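# Working through the structure, step by step
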Amino acid sequence: MPTVHFDLADGSRISAKGKPGIPLMHLARDCGIEAILAECGGACCCATCHVYVDPQWINRLPEMDEDEQDMLEFAEGVNQFSRLSCQLTFCDKLDGLVVRVPESQY
Ligand code: FES
């Protein structure tokens, strides 16, 4: 199974193997990353699942749709590497993906 690495604000890293087809947000929640609140459960209407994608990976992800772009406006500290983790479906091609949990999520 492919692996994703979550870099936390305290400098630690949590790595998780994920079944392809699962939203990244669910993987984060399953491995106990409470800073990914995911208040809306993945409906793209809360922005509490905001992550920064490692620059080496950002162009390998599918483009954002309009709903994700609109909702990201409600997240704090948005930059060019920001994505909503509920909108990113994990897959074999993303094996080794690195994302950082923004400090503003804590
Ligand atoms: S979980 Fe609410 S927007 Fe992602």
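Heads up: these notes are all about the structure in this document. Being a predicted model, the structure only gives us computed values, none of them experimental.

## Quick look at the sheet that holds strand β4 (residues 82-84)
Pairing within the open sheet is mixed, and its 5 strands lie in the order β2-β1-β5-β3-β4. Both edges of this open sheet fall to β2 (13-17) and β4, since each of them pairs with a single strand only. If you compare each strand with its neighbour and ignore which way they point, the axes differ by 35° on average. Sheet analysis places strand β1 (residues 3-7) next to β2, joined by 5 bridges and oriented antiparallel.

## A short note on the environment of Arg60
With respect to the helices and strands, Arg60 occurs in the loop between β3 (50-53) and α2 (66-72). Counting along the chain gives 43 residues from Arg60 to Glu103, while the straight-line C-alpha distance between them is 24 Å.

## Points about unusual backbone geometry
Excluding glycine, most residues fall at negative phi; most peptide bonds, likewise, are trans. Positive phi outside glycine occurs at Ala38, with the angle close to 55°. Tracing the sequence through the fold places Ala38 in the loop between α1 (24-30) and β3. Classification of Ala38 as buried rests on a count of 20 C-beta atoms within 10 Å.

Conventions we followed
Residues numbered from 1 in each chain as written. Predicted model: local features only at pLDDT ≥ 70, side-chain atom pairs only at ≥ 80, totals over all residues. Pairing = 2+ DSSP bridges. Helix = DSSP H or I, 4+ residues; strand = E, 2+ residues; numbered from the N terminus. Axes fitted to C-alpha atoms, helices over the stretch in contact; angles between N-to-C directions. Buried ≥ 20, exposed ≤ 12 C-beta atoms within 10 Å, placed from the backbone.

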